[in-house]
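Architecture and fold: a report
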Amino acid sequence: MTQLMDLTPRDDGRQAQAQAAGLSQGALEDALSAVIAERVREFRLHLGLTVGQLAELTSLSKGMLSKIENAQASPSLATLARLSEALKVPVTAFFRGLNEEQDVLYVKAGRGLDIEHKGAGPGHRYQLLGTMRAPHNSLETLLVTLTERADAFPLYQHPGTELIYMIAGRIEYLYGSSRYLLEPGDAMQFVGEVPHGPCTLIELPIQFLSVKSIQPAS
């Protein structure tokens, strides 16, 4: 049976999920902590990192990481964003195994999961629109909204390929040594290993859809 996922982090959503799974809210929170603990340890070992090395990459204490990996503490969304960046996995990867596998992701407008990009300034919003569970977790979809100009923008590099589809505004996008003007309806597809990112915000607000191919966690 097809199931739908609402990524909105609301209390009533968690309670409904708990009822659907036949769990109390406390039991659901315990299950969530256990799954996150398992995933953090799995991804850390996959990269060959010690707890100390991961602590340095995330600016978290070794004690806190140890508690997270032993399901003695539940990380905040900000902490999960740091771990996501350091372990090179989407935030949703930490919840793999909590529920039965989903074959459909359904995200209502404005209810994507807000994540933080390193170096991004104010007026830059990144909303994760969901990642399928393994073995289908090969895409990462972001809705990017830019509402403020900045003197400089971070450049990104990542494995795989990326597709950008322009929804609103006008932007000059840097890819390697080339610049491309993107307007509503324009699409751009490229290899992620080449440095890329916004260069000049011409007409605000700017919004575009970014779809990246990612390496599923083993």
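Up top is the structure.
I will try to describe carefully the structure that is included in this document. (Residues numbered from 1 in each chain as written. Predicted model: local features only at pLDDT ≥ 70, side-chain atom pairs only at ≥ 80, totals over all residues. Heavy atoms only, no water.)

1. Points about the pattern of salt bridges
This structure, assessed with the given rule, holds seven salt bridges. The partner of Glu69 in a salt bridge is Arg41, with the nearest N and O atoms 3.9 Å apart. Linking Glu69 in helix H4 (residues 62-69) with Arg41 in helix H2 (residues 25-46), this pair joins segments that are 28 residues apart in sequence. Classification of Glu69 as buried rests on a relative accessible area of 6%. Salt-bridge contacts for Glu69 lead to Arg44; the nearest nitrogen and oxygen are separated by 2.6 Å. A residue pair is termed long-range when its members are at least 10 positions apart, and Glu69 in helix H4 and Arg44 in helix H2 qualify at 25 residues. An identical accessibility class is assigned to Glu69 and Arg44; each is buried. Where salt bridges share partners, they join Glu38, Arg39 and Glu42 into one cluster. (Salt bridge = Lys/Arg side-chain N within 4 Å of Asp/Glu carboxyl O. Helix = DSSP H or I, 4+ residues; strand = E, 2+ residues; numbered from the N terminus. Buried < 20%, exposed > 50% of the residue type's maximum accessible area, 1.4 Å probe, protein only.)

2. Here we look at the packing of aromatic side chains
In the structure shown here, the tally under the stated rule is four aromatic pairs. Each ring, one from Tyr173 and one from Phe190, has its centre 6.0 Å from the other, and the planes form 35°; the classification is tilted. Here Tyr173 is found in strand S4 (residues 161-175), whereas its partner Phe190 is found in strand S6 (residues 187-191), with 17 residues between them in sequence. On the basis of relative accessible area, Tyr173 is assigned to the buried category, the value being 3%. Residues Tyr175 and Phe190 carry aromatic rings whose centres are separated by 5.1 Å and whose planes lie at 45° to one another, so their mutual orientation is tilted. You can see Tyr175 sitting in strand S4 and its partner Phe190 sitting in strand S6, a full 15 residues away along the chain. For Tyr175, a relative accessible area of 17% translates into the label buried. (Phe/Tyr/Trp six-rings, centres within 6.5 Å; stacked < 30°, edge-to-face > 60°.)

3. Considering the pairing of strand S3 (residues 139-146)
Across the eight residues that make up S3, a large majority, seven, are buried. Strand direction decides the pairing type here: strand S2 (residues 124-128) and S3, joined by five bridges, are antiparallel. By the bridge assignment, Tyr126 is partnered in S3 with Val144. Pairing geometry for S3 and strand S7 (residues 196-213), over eight bridges, is antiparallel. (Pairing = 2+ DSSP bridges.)

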